[in-house]
Amino acid sequence: MRARPQVCEALLFALALHTGVCYGIKWLALSKTPAALALNQTQHCKQLEGLVSAQVQLCRSNLELMRTIVHAAREAMKACRRAFADMRWNCSSIELAPNYLLDLERGTRESAFVYALSAATISHTIARACTSGDLPGCSCGPVPGEPPGPGNRWGGCADNLSYGLLMGAKFSDAPMKVKKTGSQANKLMRLHNSEVGRQALRASLETKCKCHGVSGSCSIRTCWKGLQELRDVAADLKTRYLSATKVVHRPMGTRKHLVPKDLDIRPVKDSELVYLQSSPDFCMKNEKVGSHGTQDRQCNKTSNGSDSCDLMCCGRGYNPYTDRVVERCHCKYHWCCYVTCRRCERTVERYVCK
Amino acid sequence: MRVAGGARTAALALLLGALHGAPARGQEYDYYGWQTEPLHGRSYSKPPQCLDIPADLPLCHTVGYKRMRLPNLLEHESLAEVKQQASSWLPLLAKRCHSDTQVFLCSLFAPVCLDRPIYPCRSLCEAVRAGCAPLMEAYGFPWPEMLHCHKFPLDNDLCIAVQFGHLPATAPPVTKICAQCEIEHSADGLMEQMCSSDFVVKMRIKEIKIDNGDRKLIGAQKKKKLLKAGPLKRKDTKKLVLHMKNGASCPCPQLDNLTGSFLVMGRKVEGQLLLTAVYRWDKKNKEMKFAVKFMFSYPCSLYYPFFYGAAEPH
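Here the structure is a predicted model, which means the values were calculated and not measured.

J.: Looking at this model, I keep getting lost on the sheet that holds strand β1 (residues 152–154) of chain A. Mind explaining?
T.: To summarise the sheet geometry, strands pair through backbone hydrogen bonds and adopt either a parallel or an antiparallel arrangement. Residue and element names in this part refer to chain A. Strand order in the open sheet formed by 3 strands is β1-β3-β2, with mixed pairing between adjacent strands. Every interior strand has two partners, whereas the edge strands, β1 and β2 (205–211), have only one. The average undirected angle you get between the axes of adjacent strands in this sheet is 40°. Sheet topology note: the β2/strand β3 (residues 221–227) ladder contains 7 bridges and is antiparallel. Counterpart to Lys208 in the pairing with β3 is Trp224.

J.: Explain the packing of aromatic side chains here, please?
T.: The way to describe two aromatic rings as a pair is by their centre distance and the angle between their planes. Residues and elements named next belong to chain A. Under the definition given, this model contains 10 aromatic pairs over all chains. Ring plane angle 90° and centroid distance 5.9 Å describe the contact between Trp27 and Phe171, whose orientation is recorded as edge-to-face. One end of the pair, Trp27, is in the loop between α1 (3–20) and α2 (53–61); the other, Phe171, is in helix α6 (residues 161–172), and 144 residues separate them in sequence. Phe171 matches Trp27 in its accessibility class, with the two residues each being buried. Aromatic side chains Phe113 and Tyr241 sit 6.2 Å apart centroid to centroid with 75° between the ring planes, which places their arrangement in the edge-to-face category. Within this pair, whereas Phe113 is found in helix α5 (residues 109–132), its partner Tyr241 is found in helix α8 (residues 230–242), the two being separated by 128 residues in sequence.

J.: Which parts of the structure should I look at to understand the sheet that holds strand β6 (residues 274–275) of chain A?
T.: Residue and element names in this part refer to chain A. Pairing is mixed across the open sheet formed by 3 strands, whose spatial order is β5-β4-β6. Taken across any chain shown, the strands that pair with only one partner, and hence form the sheet edges, are β5 (255–260) and β6. Bridge count between strand β4 (residues 245–252) and β6: 2 bridges; the pairing is parallel. Directly across from Thr245, in β6, lies its bridge partner Val274.

J.: How do you make sense of a positive patch on the surface when you look at a structure like this?
T.: A grouping of Lys283, Lys284, Lys286, Lys289 and Lys293 of chain B is seen on the molecular surface, where their side chains present a positively charged patch. With respect to the secondary-structure elements, Lys286 of chain B resides in helix α7 (residues 286–293).

J.: Help me understand the packing of helix α6 (residues 187–196) of chain B against α7 of chain B in this model?
T.: A pair of packed helices is captured by two measures, namely the crossing angle of their axes and the spacing between those axes. All names here are of chain B. Axis separation between α6 and α7 bottoms out at 8 Å; the angle between their running directions is 40°. What the angle tells us is that α6 and α7 run oblique. For the element pair α6 and α7, the recorded crossing hand is right-handed. Of the residues in α7, those touching α6 at Ala187, Leu190, Met191 and Met194 are Glu287, Met288, Phe290, Ala291 and Val292.

Cut-offs and rules
Residues numbered from 1 in each chain as written. Chains lettered and ligands numbered in written order. Predicted model: local features only at pLDDT ≥ 70, side-chain atom pairs only at ≥ 80, totals over all residues. Heavy atoms only, no water. Pairing = 2+ DSSP bridges. Helix = DSSP H or I, 4+ residues; strand = E, 2+ residues; numbered from the N terminus. Axes fitted to C-alpha atoms, helices over the stretch in contact; angles between N-to-C directions. Phe/Tyr/Trp six-rings, centres within 6.5 Å; stacked < 30°, edge-to-face > 60°. Buried < 20%, exposed > 50% of the residue type's maximum accessible area, 1.4 Å probe, protein only. Patch = residues over 30% accessible without salt bridge, like charges linked within 9 Å, V, L, I, M, F, W, Y side chains within 5 Å. Areas by Shrake-Rupley, 256 points an atom, 1.4 Å probe, with all protein chains shown as cover. Salt bridge = Lys/Arg side-chain N within 4 Å of Asp/Glu carboxyl O. Lys, Arg positive; Asp, Glu negative; His and termini not counted. Charge placed at Lys NZ, Arg CZ, Asp CG, Glu CD. Parallel < 35°, antiparallel > 145°, perpendicular 65-115°, else oblique. Left-handed = near helix turned anticlockwise from the far one by under 90°. Contact = heavy atoms within 4.5 Å.

As structure tokens, this is what we get:
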């Protein structure tokens, strides 16, 4: 009789550990890689935080790629915090990598966004690194097959998106390919959301042109395929986050698929983010669900958006306070060549949630 | 009551803040130089860099500062690109159509390294354009889109204003010779002119007409020799009409007397033949003979200047 409760506890613990594992975005901890770690020897790969063994192996065989991937981790965090700065959930918990709270551990809408953004960012960063010549293993993207348009010609250095997608997916999807880690539903969800991120990146490839004619005229325009800036890709994914679809894991034929929970007559679209678990409102601090709450968050009194005081503070009200801001003012350019400014102080009124 | 109290507190804080801020207004100026943090630009590719202006960027090497920002304000992303695009503008600089031409062009091609981009003021652009656009038009080149003055800020303390254009003229103004009539004396100079011209023809001139601000040279039917055909067809040479852009009111010694033959260079622009250089044909001139004979052996530069004219005599 006494032995039974212990067995039950052990089972519950193992189950929780299993379902909670989300190795897919632990590699974002690379953003904390110290600059002293030169990443020029294969032994350095073991010292990196947040990697599964397949990623460590990739590190050893593609050592020249790792500096770019470390940079990608930093960019992903920056892009996420920037995209969600005006929301209750502001992606601050991403800094806790690799030991996330439940807002990113569980199959939430928020984790869906982070999986997509991480996949897009690593591919974006690698593609750009090819263009800038930072990666010896790749160079400019291919010349497109379609004609460039009247008066234009292909030239310049295209972002190497195909290489970025290939190597990016290899690295960021590696944790989801490991057997016996996490539930099948979680894996499917994460792989799907990562693919959505890469799809958004593919959609951001556009034709860019420059005038190369004599004396700056536009008699000849050289064009190339370039990716949009990462913040634009992040903004696109945020739109998809806002319209993400809740799914369940349901048997269809001999296999199980993710299908929309409320509209189960249609399959999941390739372009939509999906999640398995609903999120809290993030109003109150609750460690159990990974909510920091909005107490002491700054809000915008004159806004009608998500950063407005009413929405950000969840109706609890807000407190005004005054802040002294020191700014540069009366700046003047002097030939040749420097700028002088004065320092001005002014008082601004700010509002924080109660 | 609470709201009123809050308002009073806020008002008092504002007042105190204002009082406290007042003495700060008299503080010394702070100087701001180049910061290592990138301000904007691509998220991964090279952030803005601060580089020495290389010696082989002659457009800007003598501009008055030594370091430039890359990418520049024309979105050139490599030094090679800057050099290639800047080389087109060297001949204009040599023309000295405005004393601030270099200041203006280099503010875009090789901008100073500061913590923010410093653009030329609109008035600087307009002054240089007023001085140089007629000369460019004489050679068939419009003022380019990338230098349209509405792109630049109205004058303020943080843009580059006219620097040398205010200086009084060192000599009383003299009517300048037509740009197309400046004479190159050396064979090399002549061949450079031939490189930048679409066609070169030895011809006689029947008459000259005035057409708005231009002069029109009507070619005689006889004694015509096409030395460099370029875009001209045989039918084009039947009735040669050459336009001297902005050439109606400036002197041109070579054309004072129309007897004899002329060596004429020009460009074909939108179906019109523009004269870029005219010389009186002189069979005793060895330099001219050499240039005509070896025109096609001369190594024209890959990106040859958009126009070429004789340099100002010192």
